[in-house]
Amino acid sequence: MPIKGQSMSEDELRVKSGQVIALRLFDVAYEIDLKLAEELWAKRARGVSARARLVGTPPKAVSFGVPPLELELDPTTLELSSGSVVATARVRLYDFGIAALALRLSVKDMTWSEFTRHVNETNQAIGPTAVTDIWNTLLAQLSDLLREALHRPTTVPLQEDYLIAVANEFGEAITAEKLQQRVDLVPILSGRDRPLSEGARGDLLRQRFSYYPDDLAVITWDRALLYEPQGDTDVADVLEIANAQLLEIRVYDELLDDELPRMHDLVEAARRRTNLLASRRYARLARRLHTLVAEVTELAERVDNALQVTEDVYLARVYAAAIGLFRVPNVSAAVDRKLAIIRETYTALHSEAEGSRAELLEIAVLVLIALEIVLSLVRH
């Protein structure tokens, strides 16, 4: 689609090769045993599996906490408004309980207008507002095959989606700067044909990155446009990992949102019942809260360490921008505040339990003293 004020012409820029990647991430379990999942996949599905790595980045430049397990799924036919297309499918499993499904639609010899339309049609067919069960069907098949590797499976999984448009080769040599001058990137990034205000356009185009003159990454909250002449997938992989981290942090946030009112009710119920077993009830509650804090803290650290970018400055900038755009630090801070409340409650309950035990011991000592006095009087 031409830039505002530019007319259509026969020499419209053509995308010779590229792809559209639709991501849908699900929180499927508390934890996934990746080694067992790989064994189950090899035994039951006999498909291709591999431990993921960033192909275009030196290994010492990035560090995975635990490399995710990538599984190749059967191709899937999608119905777009322009006709049926076949998409390749794969899933990446992260040890902290996330399954990241990806459908890839190949792009061959399209004008920029056709490419933009193809991206938006894909989103309409399988995006967050689409009426389709393709994602749930893939997830159900995967869960059936790998059920034994899922620790504490999630009954109603939370999910995140993301759409990535990738141009690998154009019909002519073009730099990232010339590309931005030649075509309008906004309709792909916004999904809207209607012109946007200058402020909205500026927001969509704010996060732009280039390492070489002829590559470009433009990322937004729910979409990204990548120009990758070398065919590298590192930026797309980093965007997926950032989405996986966001989803898992959201899971913790909702878990704690449910737990805080329940915790308050249990504490109040325990305090209303004043008897000799109060200390035991306080101790049980304290242990439960301590276990919850320990579990969430441990998994949050694993999520934070899912990917560490060290020496690759470009990839580090893209990753940091994605984490900021997806509001991961904000959600993480909310989780930390709720954990702090639970820790304080645990400390208070622990103190009350200790106080109740001390009172019980004092009462026992007084009873024994009184009993000794009574026995002494009886003997005399």
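1. Some points on the overall build of the protein
Move 1: Tallying secondary structure elements over the protein gives 10 helices and 13 strands in all.
Move 2: Residues counted as buried form 47% of the 380 residues belonging to the protein.
Move 3: Long-range pairs, those at least 24 residues apart, make up 76% of the contacts in the protein between residues at least 6 apart in sequence.
Move 4: Accessible area for the protein stands at about 19,600 Å²; split by element, carbon and sulfur atoms hold 54% of it.

2. Overview of the nonpolar core
Side chains of a nonpolar character, in soluble globular proteins, are inclined to be buried together.
Move 1: Residues L93, W112 and F115 are the most contacted members of the largest nonpolar core, which totals 58 residues.
Move 2: Among the nonpolar cores identified, the runner-up in size contains 52 residues, and L25, I164, A321 and V335 belong to it.

3. Regarding the pattern of salt bridges
Move 1: Scanning the model with the defined rule gives 13 salt bridges in all.
Move 2: In this structure, the salt-bridge partner of R92 is E240, at a minimum N-O distance of 3.2 Å. Here R92 is found in strand β6 (residues 83–94), whereas its partner E240 is found in helix α7 (residues 234–272), with 148 residues between them in sequence. Judged on exposure class, the residue R92 and its partner E240 are both buried.
Move 3: Between D253 and K338 there is a salt bridge, with its nearest N and O atoms 2.5 Å apart. Placement of D253 in helix α7 and of K338 in helix α10 (residues 328–379) is noted, with a sequence separation of 85 residues between them.

4. Thoughts on the confidence of the model for the protein
Move 1: Of the residues in the protein, 81% have a pLDDT of 70 or more, and the chain-wide mean is 83.
Move 2: Of all the helices and strands in the protein, strand β4 (residues 62–64) carries the lowest mean pLDDT, 64, while strand β12 (residues 223–227) carries the highest, 97.
Move 3: Note on residues 1–9: pLDDT under 50 across the span, and 20 contacts to partners over four residues away in sequence or across chains.

5. Observations concerning helix α3 (residues 134–146)
Move 1: In this model α3 runs 18 Å from its N-terminal to its C-terminal C-alpha over 13 residues, within 8% of the 18 Å that 1.5 Å per residue would give.
Move 2: For α3, the complete set of buried residues consists of I134, W135, L138, L139, L142, S143 and L146. Buried residues of α3, viewed axially, fall in a sector of 165 degrees; they line one side.

6. Notes on the packing of aromatic side chains
Move 1: Following the criterion strictly, the structure yields 8 aromatic pairs and no others.
Move 2: Over the ring of Y30 we find R152, and its NZ or CZ is 3.9 Å from the ring centre.

7. A few points about a negative patch on the surface
Move 1: Taken together, the side chains of E298, E301, D304 and D336 present a region of like negative charge at the surface.
Move 2: By residue number, the principal contributor to the negative patch is helix α8 (residues 278–304), which donates 3 residues.
Move 3: Residue position: E298 is located in helix α8.
Move 4: Since its relative accessible area comes to 43%, E298 is described here as partly exposed.

8. Observations regarding the pairing of strand β11 (residues 216–219)
Move 1: Going residue by residue along β11, you find L216 and V218 tucked away on one face and A217 and I219 tucked away on the opposite face as well.
Move 2: Between strand β10 (residues 208–209) and β11, which pair antiparallel and follow one another directly, the connecting turn spans 6 residues.
Move 3: Across 4 bridges, the pairing between β11 and β12 is antiparallel. The residue of β12 that forms the bridge with V218 is L225.
Move 4: Taking the residues between adjacent antiparallel strands as the criterion, β11 and β12 are bridged by 3 residues.

9. Some details on the side chain of D95
Move 1: By secondary structure assignment, the location of D95 is in the loop between β6 and β7 (98–111).
Move 2: On the accessibility criterion, D95 (11% relative accessible area) is buried.
Move 3: Setting aside residues up to four positions removed in sequence, D95 forms contacts with E31, I32, L34, V66 and R302.

10. Thoughts on the side chain of R104
Move 1: Within the secondary structure, R104 sits in strand β7.
Move 2: Only 3.4 Å separates the side chain of R104 from the side chain of Q19, close enough to count as a polar contact.
Move 3: Not counting residues within four places of it along the chain, the set of residues in contact with R104 comprises Q19, V20, I21, V86, A87, T88 and R90.

11. Quick look at a nonpolar patch on the surface
Move 1: Together, V365, L366, I369, I373 and L377 give the surface a local cluster of nonpolar side chains, amounting to about 500 Å² of exposed area.
Move 2: Structurally, I373 is set in helix α10.
Move 3: The partly exposed category is assigned to I373, whose relative accessible area is 47%.

12. What about the environment of D253?
Move 1: Using a relative accessible area of 16% as the deciding quantity, one classes D253 as buried.
Move 2: Residues D253 and V331, 78 residues apart in the sequence, show an inter-C-alpha distance of 7.1 Å.
Move 3: Filtering out sequence-adjacent residues up to four positions away, D253 remains in contact with V331, A334, V335 and K338.

13. Focus on the environment of E172
Move 1: Topologically, E172 is positioned in the loop between β9 (159–170) and α4 (176–182).
Move 2: A relative accessible area of 37% means that E172 is categorised as partly exposed.
Move 3: Leaving out residues up to four positions away in the same chain, E172 has contacts with L13 and R182.
Move 4: Within the structure, the side chain of E172 is placed 2.8 Å from the side chain of R182, a separation counted as a polar contact.

Conventions used here
Residues numbered from 1 in each chain as written. Predicted model: local features only at pLDDT ≥ 70, side-chain atom pairs only at ≥ 80, totals over all residues. Heavy atoms only, no water. Helix = DSSP H or I, 4+ residues; strand = E, 2+ residues; numbered from the N terminus. Buried < 20%, exposed > 50% of the residue type's maximum accessible area, 1.4 Å probe, protein only. Contact = heavy atoms within 4.5 Å. Areas by Shrake-Rupley, 256 points an atom, 1.4 Å probe, with all protein chains shown as cover. Core = buried A, V, L, I, M, F, W, Y, C linked by side-chain atoms within 4.5 Å. Salt bridge = Lys/Arg side-chain N within 4 Å of Asp/Glu carboxyl O. pLDDT = per-residue confidence, 0-100. Expected span 1.5 Å × (residues − 1). Arc of directions from axis to C-beta. Phe/Tyr/Trp six-rings, centres within 6.5 Å; stacked < 30°, edge-to-face > 60°. Lys NZ or Arg CZ within 6 Å of the ring centre and 35° of its normal. Patch = residues over 30% accessible without salt bridge, like charges linked within 9 Å, V, L, I, M, F, W, Y side chains within 5 Å. Lys, Arg positive; Asp, Glu negative; His and termini not counted. Charge placed at Lys NZ, Arg CZ, Asp CG, Glu CD. Pairing = 2+ DSSP bridges. Polar contact = N/O pair within 3.5 Å; in protein donor to acceptor, adjacent residues only side chain to side chain.

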